[in-house]
Amino acid sequence: MKKILITGAILLSACSLFAQPKLSKDNIDEVINAMTVEEKATILVGGGWGSMSAGSMTASSTVLVPGAAGTTRAIERLGIPQTVLADGPAGLRINPVRGDQTYYCTGFPVGTVMASMWNTDLVQELTSAMGNEVLEYGVDVILAPGMNLHRNPLCGRNFEYYSEDPFLTGKTAAAFINGIQSNGVGVSVKHYAVNNQEVNRMENDSRVSQRALRELYLKGFEIAVKEAQPWTVMSSYNKLNGEYTQQSYDLLTTILRDEWGFDGIVMTDWGTKEGTVQAVKAGNDLMEPGADIEIDRIVKAVKSGEITQEELDRNVRNMLEYIVTTPRFKGYKYSDKPDLKAHAELVRRSTPEGLVLLENNGVLPLKDVKTVALYGTGSYDFIAGGTGSGNVNKPYVRNVAEGLSVNGLEVNADIAKWYEQYIALEKTRLGNNGNGSGILLGDPVISEMEVGRSFIERMEPRTDIAIFTLSRNAGEGGDRYARNGDWYLTGQERELMQDLADVYHAAGKKFIVVLNIGGVIETESWKHIPDAILLAWTPGQEGGYAVADVLCGKANPSGKLPMTFPVNYFDIPSSTNFPYNNNNAQGNNRGRQSQRRNVDFTEYAEGIDVGYRYFQSEGVTVSYPFGYGKSYTTFEYSKPVVKAGADGFTATITVRNTGSVAGKEAVQVYVAAPAGGLEKPAYELKGFAKTKELAPGESQTLTVAVDAYTLASFNEAASAWETASGTYKVMFGASAADIRATAECKIKKAQAWEVHNVLAPAQPVK
Ligand code: BGC
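Quick summary incoming for the structure in this document.

Cut-offs used in this document
- Residues numbered from 1 in each chain as written.
- Predicted model: local features only at pLDDT ≥ 70, side-chain atom pairs only at ≥ 80, totals over all residues.
- Heavy atoms only, no water.
- Helix = DSSP H or I, 4+ residues; strand = E, 2+ residues; numbered from the N terminus.
- Rg over C-alpha atoms; globule rule 2.2 N^0.38 Å.
- Buried < 20%, exposed > 50% of the residue type's maximum accessible area, 1.4 Å probe, protein only.
- Contact = heavy atoms within 4.5 Å.
- Areas by Shrake-Rupley, 256 points an atom, 1.4 Å probe, with all protein chains shown as cover.
- Lys, Arg positive; Asp, Glu negative; His and termini not counted.
- Charge placed at Lys NZ, Arg CZ, Asp CG, Glu CD.
- 1 Å grid on protein atoms, 1.4 Å probe; cavity = no way out; pocket = protein on both sides within 12 Å on 5 of 7 lines; lining within 4 Å.
- Points joined across faces, edges and corners; volume = space filled by probe spheres on them.
- Nonpolar A, V, L, I, M, F, W, Y, C, P; charged D, E, K, R; others polar.
- Axes fitted to C-alpha atoms, helices over the stretch in contact; angles between N-to-C directions.
- Left-handed = near helix turned anticlockwise from the far one by under 90°.
- Pairing = 2+ DSSP bridges.
- Near = heavy atom within 4 Å.
- Polar contact = N/O pair within 3.5 Å; in protein donor to acceptor, adjacent residues only side chain to side chain.
- Phe/Tyr/Trp six-rings, centres within 6.5 Å; stacked < 30°, edge-to-face > 60°.

**With respect to the overall build of the protein chain**
If you tally the helices and strands in the protein chain, you get 21 helices and 31 strands. For 766 residues, the compact-globule formula gives about 27 Å, and the C-alpha radius of gyration of the protein chain, at 27 Å, lands near that figure. Dimensions of the protein chain, computed from the C-alpha atoms along their principal axes, are close to 105 × 70 × 50 Å. In the protein chain, which comprises 766 residues, the proportion classed as buried is 62%. Counting contacts in the protein chain only where the partners sit at least 6 residues apart, residues at least 24 apart contribute 76% of the total. Looking at the protein chain as shown, the accessible area adds up to about 27500 Å², and 50% of this sits on carbon and sulfur atoms. For the protein chain, the distance from the average position of its 74 positive side-chain charges to the average position of its 88 negative side-chain charges is 1 Å.

So this is what it looks like as structure tokens:
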């Protein structure tokens, strides 16, 4: 009897080894049954660093898409192809040149610019075009959107991310995902979760309360997953309350899949951590970029029973379900020729919606200006996007000088020549090659040259106006600094600004500042100096054109801030717990930037006091509030109507363009909860809508629905989302500090949604 059984078992495994079903969407179970443990482990591990090593189980070593960040592995006998994963989020990142062919990708506006648009339809239109490049360049998944919360303005990757507010973050991300995935390619929503700094990003432990976690750091992901069903999610490098996120069953399975209904794959961020086995068990389906040692670990753990057959097959099934939906599996014949021209036009046309007009004393749009004195290195060497994996290899970057010229203005040639020579020299001196000085770090921003007042005075009579573009950049691998030249202006920048203002004002002329920056800087001490400030961010390859289109009035800016600009860095509650590091990727210690050195963990002691939630509740003066942005026109808000329904309420308001040029207005719906329940911020963003372009005198009625769940706050004691009954104040704001209309709404029934009591910090966070 025993003998028969053993023979049977041998036969069975021989059968499965030699069974050769070819993968299709209808035979996934059959393929899983036919796979050996080694093959299963192989499917859970990416193709290796450099992305294109084919891996041990693949027969082919063809480089599918050079410059893509990673692949999954092929198993040819079962008809399982490699699939290709490449970076984003400001466009697709692949190598731009192969032989004599070019493969440039459009440099789209960075995440922060997309969030500044407050226009989910437009974000979706932009990412539909981006997704077309993903498809046509033979890539299956773009590693985007980046959607970590702007907990602190000095996070080096904030430009890739959206906002200090989780609702705006979630809605923008959902639009991003829908646009990309409408092409039949996938996204990887990253970095899940609580990855809000670059210092010690691989190891740092984010210690956060369950309430702040649920309401702030997970909320955006929750909205994106529920509303847009991303194909994949990327777990982050860091720990969350003591456990690596990539190894956290509660984060990757209990919350992501069981509570939110995610049914795609989870992949790790790029690195080979110990703990592959825990990652597999937690529901991390794919190790990226993948190393053979991870295959060995999985095989061993399956053989020892540490990974159960069920766990292994669960992840393998997720992977195969993903693979059969990819264009690579379907044999899509990509062209390598997306319509870059059409996409560039779309980007140029759309970018002004993400540009934020901070100040304008009537000088913009420019009138009666023929010649421009254009200062600042960014005017000639414009920064399109941040550095690191989010840096797209774009065909070109339009600078402000080019933009002004195509708008018919003359840029003073002497000033231009001086800057161009200086920039060229500095690039040679710094060894800038346009591709960054390492995988992560980009080229340093060239510091301002010494211009001198007498030069400005000599140039003034030959020019009608002065414009100064101020530049900053940051990126993956390092956080920014609360010091001169980053958060603060340098002495030189300040002097140049003052000289330009003095000389041009004395001559009865105007002076404008363009901010070509990736994140928040200090503005309070100098914002009174220029006649206008246009916050251009780092808005992609058409940046200089878009800036000039706005300055010249071809486009009316309608961006609004997705974060607060504080008066002082140290006004920000998290500033006391945002670490600095002597040895981070940017090298030496550049001085004190918070009260706390890096200690391998970050206490999110401010809880939910992030951004306007804190500033508005505590009445702390800010330089520019969340949601703020001017227009060339003015808008009037009607008396609103708010109607409670079976589930939450609908808020309706009519916006009228009362000015003399066409424009769009983003209306923000803030809600103050009734007293008595959980303690809450003064009010929170619960909805927004942007008008179409309204002609002067034209109006539009906007309706925003807010359901009861969106109104809920997280009660740690009950491990439940709770919406109190009572009277809610519904506020319609042009910004968080500019509430134009208010209505009340009675929610009759209190509601609660109990969730798993997971991911609590070991000790109260302080
Ligand atoms: C980054 C990810 C990126 C990946 C692949 C990692 O270092 O954190 O955002 O997608 O590399 O390039």
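**Focus: empty space enclosed by the protein**
For the coordinates displayed, the defined rule picks out 10 cavities of 30 Å³ or more. A volume near 110 Å³ is recorded for the largest cavity. Taken together, 14 residues make up the lining of the largest cavity; nearest its centre are Arg 151, Pro 153, Glu 164, Thr 564 and Ile 572. In terms of residue class, the lining of the largest cavity is made up of eight nonpolar, four polar and two charged.

**Quick notes on the packing of helix H6 (residues 166-181) against helix H8 (residues 219-228)**
Between H6 and H8, the shortest axis-to-axis distance is 8 Å and the interhelical angle comes to 35°. When the axes of H6 and H8 are compared, the crossing they make is right-handed. Between H6, through Pro 166, Phe 167, Thr 169, Gly 170, Lys 171, Ala 173, Ala 174, Ile 177, Asn 178 and Gln 181, and H8, the contact on the second element is made entirely by Lys 219, Gly 220, Ile 223, Ala 224, Glu 227 and Ala 228. Here the residues of the contact of H6 with H8 sort into eight nonpolar, five polar and three charged.

**Structural notes on helix H7 (residues 210-217)**
Burial within H7 is extensive, with eight of its eight residues counted as buried. Three or more residues of H7 are buried, namely Gln 210, Arg 211, Ala 212, Leu 213, Arg 214, Glu 215, Leu 216 and Tyr 217.

**Section: the sheet that holds strand E27 (residues 713-715)**
On the basis of which strands lie adjacent, the open sheet formed by three strands has the order E27-E28-E31 and antiparallel pairing. Each edge of the open sheet carries a strand with a single partner, namely E27 and strand E31 (751-754). Along the sheet, successive strands turn relative to each other by an average axial angle of 30°, direction set aside. Judged from the four bridges that link them, strand E28 (residues 720-723) and E31 form a sheet pairing that is antiparallel. Following the sheet pairing, Thr 723 is matched in E31 by Gln 751. On top of the sheet, H7 reaches E27 and E28; it is set at about 160° to E27, its chief contact.

**Examining the site of the ligand**
Around the ligand, the structure places 13 residues, and the nearest of them are Asp 87, His 191, Tyr 237, Asp 269 and Glu 476. In this structure, an oxygen atom belonging to the ligand sits 3.2 Å away from a side-chain N or O atom of Arg 201. Between the ligand and Tyr 237 there is a distance of 2.8 Å, counted from an oxygen atom to a side-chain nitrogen or oxygen. Contact with the protein chains removes 91% of the 310 Å² of surface that the ligand exposes when unbound.

**Overview of the packing of aromatic side chains**
Aromatic ring pairs are reported here in terms of the distance separating the ring centres and the angle at which the planes meet. A full pass over the atoms with the stated rule returns 24 aromatic pairs. Between Tyr 375 and Phe 455, the ring centres sit 6.5 Å apart and the planes meet at 90°, which makes this aromatic pair edge-to-face. Of this pair, Tyr 375 sits in strand E13 (residues 371-375) while Phe 455 sits in helix H18 (residues 453-459), placing them 80 residues apart in sequence. A relative accessible area of 0% means that Tyr 375 is categorised as buried. When its relative accessible area of 8% is taken as the criterion, Phe 455 is described as buried. With a centroid separation of 6.1 Å and an interplanar angle of 75°, the aromatic rings of Phe 565 and Tyr 624 are classed as edge-to-face. Pair noted here: Phe 565 is in strand E18 (residues 565-566) and Tyr 624 is in strand E20 (residues 622-624), with a separation of 59 residues, a long-range link.

These figures capture arrangement, not role.
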